[in-house]
Amino acid sequence: MFQHDRLNNEITFFQKIKNLDYILLISVILLSVISVFVMYSTDGGDILFHTKNHFVKLIVFFPLMIFVALFNIKFWHNFSYLIYFVVILLLVWVSFFGIKSSGSQRWMDVYFFVLQPSELMKIAIIMCLAKYYHRLKIENVNSFTSITIVLSIIFIPTIFVISQPDLGTSILIALSGLIILWLGGVKIKYFIYSFITFLISLPFIISFLKPYQKLRILTFLDPDRDPLGAGYQIIQSKIAIGSGGLDGKGFLKGTQSYLDFLPEKHTDFIFTLFSEEFGFIGSVGLLILYAIIIFRIIRIGSISRSNFAKLFCFGFAFAIFIYIVVNLSMVLGLLPIVGSPLPIMSYGGSSMLATMIGFGIVLSAKINHKQMIA
Amino acid sequence: MIKSNSGIRKTDVINRRMFIIGAAKVVVFAAIVARLFSLQINENKKYLTLSDKNRIREWKLPPTRGNIVDYFGNVIAGNLKVYQLHIIPEQVENFNYLLVRLKKLLNLSDKKITRINKLKAELKPWDSIIVSENLSWSQFVKINNYLYDLVGIKPVMTISRNYPFKDVYTHVLGYVSQPNEQEILDNQIIQERFVPGMKIGKLGLEKRLENYLIGTNAIQRYEVNAYGKRINQLEHQKGEQGSKIRLTVDTEIQKACAELLNEKAGSISVMDIYTGDIIAMYSSPSYDPNLFLFGISQDEWQLIRNNPLKPLINKTLSGLYSPGSTIKPIVALSALENKVIDTKFKVKCTGKMELYGQTFHCWKEKGHGWVSLKNAMKQSCDTYFYEVARLLGVDRLNITAEKFGLGKKVLGQYFENEKKGLFPNTKWKKNNLGKGWVLGETLITGIGQGYIQSTPLQLCMMTAQIANGGYKIKPKIIVDSNPVSYEDAKQSMESGLLFDTNSETLLDKKLFKDKKNIKIVQEAMFSSTNERFGTSYKSRIDDPKYQFAGKTGTAQVKRISKRERELDLELEQIPYKDRDHALYVAYGPYINPRYALSIIVEHGGSGSKAAAPIAKKLFKLIIDRHELREQQSNFERITI
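What counts and how
- Residues numbered from 1 in each chain as written.
- Chains lettered and ligands numbered in written order.
- Predicted model: local features only at pLDDT ≥ 70, side-chain atom pairs only at ≥ 80, totals over all residues.
- Helix = DSSP H or I, 4+ residues; strand = E, 2+ residues; numbered from the N terminus.
- Buried ≥ 20, exposed ≤ 12 C-beta atoms within 10 Å, placed from the backbone.
- Contact = placed C-beta atoms within 7 Å.
- Nonpolar A, V, L, I, M, F, W, Y, C, P; charged D, E, K, R; others polar.
- Pairing = 2+ DSSP bridges.
- Axes fitted to C-alpha atoms, helices over the stretch in contact; angles between N-to-C directions.
- Core = buried A, V, L, I, M, F, W, Y, C linked by C-beta atoms within 7 Å.
- Domains from an automatic or database assignment.
- pLDDT = per-residue confidence, 0-100.
- Left-handed = near helix turned anticlockwise from the far one by under 90°.
- Parallel < 35°, antiparallel > 145°, perpendicular 65-115°, else oblique.

### Here we look at the overall build of chain A
- Summing up its helical and strand segments, chain A has 15 helices and three strands in all.
- Here chain A holds 374 residues, and the buried ones make up 49% of them.
- Considering only residue pairs separated by 6 or more positions, chain A has 71% of its internal contacts joining residues 24 or more positions apart.

Shown next, in the form of structure tokens:
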């Protein structure tokens, strides 16, 4: 025991760099490079605002990821509650003083860029719950108190984010939290019961939705009911993807995107553009790249000795997975349109920041996978 | 170690649950790949089409109308390059400044400026506004000189309809102008090919032959963005000019007709007595169809509309006149055919005829004395024809008259405004007026007055059918068409519009019982023009090459009162509206005749003074042109 501790504590900088997960690292770099090229295409084959900004963000956030990785996983464990609490404070601050844009208030200006705290919450909630379940005795997992506490941890930020309003992100936060409950060992029947309750109460929930959100659901069910209005985005997205065919229309030749038929092509619909230009082969390739990343994160989780690292890695892997699934299902017309970015690919600093921090902690877990946390 | 134990257990739980999720992830990813496969591989074609539909938009350009040419290939309705001025609002730096400059350069009216501003508000910034549809060359040059200062304007060359002979052919061709909504809806071809700025036929042959003349649109395909802005041109597909239509008319003769009727109201028709070709068909006064191309001004329109000589009416086809004495050849023929009279039959004319207490006057107060058919026709004795009509009866006369085309449309399907006129009989009066026929009405029908109404073209055809020996002809104004496709050709055959489908043998077209009777009438008409005391003797031509036979007519427009008869006023003393219409029908040359004509001068006075002299001038030209025409007919089916 002693020896282990000593070894871990005295690990040198070069050893840390050597212990990074290079498959994960290379995959992330590859994804970043692809994302810059796709952003270049959304700018119409020119290095304009979006391409520049996206590139600068990658240049800043990639070293940040390495920097996060250099901290011992124990450090992240120790500060998890604090980080969660700080992000909650940011959410509170935003709900009072945030920047308003297109009907919602979810951003804060931190001078060098505009921060969206709800994106950070996606990571913070995983850290917080991972720490909670790491410390919780297995006997108490299904106790009333613990379940009440974890549900509060999940729903407090969720409610803040819903009220911004930002349904998409709040669902993703809630799902990221719930997955830790699942991994932590909450009884399966509880999940089943709450799912049934959710289904029953669905009509009530829908009645509380804002009119535009209801419209999105109706549009999802039948996009052709208003092809130039609410259904426009999803119809155009399907046309773009479908017209890509096996090998796509070619780089910078996506007519749907460069003739402006595609809405939100920088952010939520970035995959549509990619898929139009690179076709089925490119799309599946991108999915494989994401699958490798997810698989590497799970692997790091499974070799980690501490439960905190395990829970975080599995939770984060699931979160990445769910972001991808929600985003792709949306652009492929399998789910209603909820604003949700595609990790790394989509334009948006906060989302990229959160994802990079997540990768950083995963890499920290890799470097310190033998570390036990009391 | 309890903690450590429970830790191990917890790890197991986490790993087991992770495995379940991992399996779920694989399933979900597979589902997404399946969806991608279905969209991109299975339905690729469908979405590719949709994507092209999104990005490719077609712009139709106005089609070029087919030319209409006369028998000799002279273009009588053609196309002309015109210079237009467009503004492209998005390229303009200062719109108001530009308008001020243009207003000065082109003398635009304030109304026009307001219209341009209104258009600018309505159209997309990249859609061009047409400032002027028809710039003169000097204006075009001026604009080009100042182009550096007029940012955002575009001088454009385009094609417009043109009628080189101006008012000469208006009543034949009609004119083209902007279609209204109803006209677009009514014609599917126009609907398909319509583009703003396109002109369609509004009247006459231009309207009737719209579907042949219209041509197909040139199509430009552009790639457009989501807002409809053109990004780049993909393809230019040339349109096909509409079919060329060749008419039977002769511009030289048509022009001569226009000159002869200058400042008079009336009509001249000339017809080939064998083929039925209409050589000329002029209604006077006429108006310039070119005025309608770019929208006629209110002043010009009022001038045409309010002209007392009624230029808007096509008198040849829709003017209804009493034929007057020009009907006498038919009355004579009918009587001969029905064996009511023979050449020896004589009537004593005392200047009037009494019937049931009513007096029927001959035009010659002193009377003609004893007259036979030949003399009666020569001097146009009314009394003789009163008596013949009385013996013949109106119903028998009606049969002969209708055989020769009176009371029926001549060109029917070509002109919408053609009228069929009226030749009465007893049954007609009973059905339409509810009264019985009176014998007195038979008498005045015998001299072409009363209910009887005919168009100048009917009289021309009637004369032609007497001249050709009494055979039925089918008048036509179109020689051949240049159908764009087999389908078009077939369709035109079926509608009988462009080709004469009449395949009857000459025998079936016989309009007489005894050929001798036709000859008698022809001789009587000859004497009327070429023998002393004939009503048109003064207008005769002695040269047998040009010699013609004819019959004058003077149609009363109102009943002549006793007082007026006694006054016997000179023409100038009678108010214009009350003067008689002057008519003349003729055919020539007398030996081997080929052409027939009818002339009407509204309120011209007597036929012998006002109408017959016109025929004299015209016949020379018609016969002189005959040889040229014959040569041309060898090339009948060749596209000119």
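And the narrative resumes.
### Thoughts on the overall build of chain B
- Helices and strands together make up the secondary structure of chain B, namely 24 helices and 20 strands.
- Scored against the burial criterion, the 640 residues of chain B give a buried share of 41%.
- Excluding contacts between residues fewer than 6 apart, the proportion of contacts in chain B whose partners are at least 24 apart in sequence is 75%.

### Let's talk about unusual backbone geometry
- Residue Pro165(A) is bonded to the preceding Gln164(A) through a cis peptide linkage, with omega at -5°.
- Structurally, Pro165(A) can be placed in the loop between helix 7 (144-162) and helix 8 (167-184).
- In this chain, Ser284(B) is followed by Pro285(B) through a cis amide linkage whose omega measures -10°.
- Considering the arrangement of structural elements, one finds Pro285(B) in the loop between strand 12 (278-284) and helix 12 (298-305).
- Not every positive phi belongs to a glycine, and Asn107(B) is a case in point at roughly 55°.
- Judged by the 9 C-beta atoms lying within 10 Å of it, Asn107(B) is exposed.
- Positive phi is not limited to glycine here, since Asn592(B) has a value of about 55°.
- Turning to its location among the elements, Asn592(B) is positioned in the loop between strand 19 (581-588) and strand 20 (595-601).

### Quick look at the interface of chain B and chain A
- Opposite the 37 residues of chain B that make contact, chain A presents 37 residues.
- Elements that contribute at least two residues to the side of chain B that touches chain A include exactly helix 1 (2-42) and helix 2 (44-55) of chain B.
- Of the residues in the side of chain B that touches chain A, the class split is 18 nonpolar, ten polar and nine charged.

### Looking at the sheet that holds strand 8 (residues 218-224) of chain B
All names here are of chain B.
- The strand order 1-8-9 describes an open sheet built from three strands, whose pairing is antiparallel. For this open sheet the edge positions go to strand 1 (56-61) and strand 9 (230-237), each flanked by a neighbour on one side alone. For this sheet, the mean inter-axis angle between neighbouring strands, taken without regard to orientation, is 30°.
- The sheet contact formed by strand 8 and strand 9 spans six bridges and is antiparallel. Bridge pairing in strand 9 places Tyr 222 opposite Gln 233.

### What to know about the pairing of strand 12 of chain B
All names here are of chain B.
- Counting buried positions along strand 12 yields seven of seven residues, so the element is predominantly enclosed.
- Here six bridges tie strand 11 (residues 266-272) to strand 12, and the two strands are oriented antiparallel to one another. Bridge pairing links Met 271 to Ile 278 in strand 12.
- Count of turn residues in the strand 11/strand 12 antiparallel hairpin: five residues, of which Gly 276 carries a positive phi of about 80°.

### Here's the deal with the pairing of strand 14 (residues 352-355) of chain B
All names here are of chain B.
- Where strand 14 lies against strand 15 (residues 358-361), four bridges are found, and the strand directions are antiparallel. Paired with Leu 355 across the bridge in strand 15 is Gln 358.
- Taken together, strand 14 and the strand that follows it, strand 15, pair antiparallel across an intervening segment of two residues, in which Tyr 356 is found at a positive phi of about 45°.

### Regarding the sheet that holds strand 18 (residues 549-555) of chain B
Residues and elements named next belong to chain B.
- In space, the five strands of this open sheet follow the order 12-11-20-19-18, with antiparallel pairing throughout. Each end of this open sheet is capped by a strand with a single partner; those strands are strand 12 and strand 18. Taken pair by pair, the neighbouring strands of this sheet meet at an average axis angle of 5°, ignoring direction.
- Where helix 20 (residues 456-467) meets the sheet, its contacts fall on strand 11, strand 19 and strand 20, and the angle it forms with strand 20 comes to roughly 150°.

### A few points about the nonpolar core
- Counting residues in hydrophobic clusters, the biggest one holds 122 residues, and the most contacted among them are Met271(B), Leu597(B), Ile599(B), Ala611(B) and Ala615(B).
- Three or more residues apiece are contributed to this core by two domains, here domain 1 (59-247) and domain 2 (251-287 + 314-633) of chain B.
- With residues up to four places along the chain from it excluded, the contact list for Ala611(B) reads Thr552(B), Ala582(B), Leu583(B), Tyr584(B), Ile599(B), Ile600(B), Val601(B) and Gly604(B).
- Judged by nonpolar contacts, the second largest core, of 106 residues, contains Trp76(A), Leu167(A), Phe269(A) and Ile300(A).

### Things to note about the confidence of the model for chain A
- In the predicted model, chain A carries a mean pLDDT of 89, and the fraction of residues at 70 or more is 95%.
- Ignoring residues within four places in sequence, the model shows residues 1-7 of chain A, a span with pLDDT below 50, making one contact including any to other chains.

### A look at the packing of helix 5 (residues 73-97) of chain A against helix 6 (residues 117-135) of chain A
Residue and element names in this part refer to chain A.
- One can describe the packing of helix 5 onto helix 6 by two numbers: an axis separation of 8 Å at closest approach and a directional angle of 145°. As helix 5 runs across helix 6, the sense of the crossing is left-handed. Along its contact with helix 5, which presents Trp 76, His 77, Ser 80, Tyr 81, Ile 83, Tyr 84, Val 87, Leu 90, Leu 91 and Val 94, the element helix 6 presents Pro 117, Ser 118, Leu 120, Met 121, Ala 124, Ile 125, Met 127, Cys 128, Ala 130 and Lys 131.
- Of the residues in the contact of helix 5 with helix 6, the class split is 16 nonpolar, three polar and one charged.

### Observations regarding the confidence of the model for chain B
Residue and element names in this part refer to chain B.
- When pLDDT is averaged along chain B, the result is 86, and 93% of the positions lie at 70 or above.
- Scored below 50 in pLDDT, residues 1-7 makes three contacts in the model with residues more than four places away or belonging to other chains.
- Here residues 481-506 is modelled with pLDDT under 50, and outside its nearest four sequence neighbours on either side it reaches 28 contacts, counting other chains as well.
- For this predicted complex, the interface confidence score (ipTM) comes to 0.91, while the overall pTM stands at 0.67.

### Description of the packing of helix 6 of chain A against helix 15 (residues 349-367) of chain A
Residues and elements named next belong to chain A.
- Direction vectors running N to C along helix 6 and helix 15 enclose 20°, while the axes themselves pass 8 Å from each other. In this view, helix 6 runs roughly parallel relative to helix 15, as classed from their interaxial angle. In this structure, helix 6 crosses over helix 15, and the sense of that crossing is right-handed. The segment helix 6 lies against helix 15, with Glu 119, Leu 120, Lys 122 and Ile 123 engaging Ser 350, Ser 351, Ala 354, Ile 357 and Gly 358.
- Class assignment for the residues of the contact of helix 6 with helix 15 results in four nonpolar, three polar and two charged.

### Brief notes about the environment of Trp182(A)
- By secondary structure assignment, the location of Trp182(A) is in helix 8.
- Judged by the 20 C-beta atoms lying within 10 Å of it, Trp182(A) is buried.
- Taking the C-alpha atoms as reference, Trp182(A) lies 9.6 Å from Gly315(A); in sequence the two are 133 residues apart.
- When residues no more than four places from it in sequence are discounted, the contact partners of Trp182(A) are Phe191(A) and Arg17(B).

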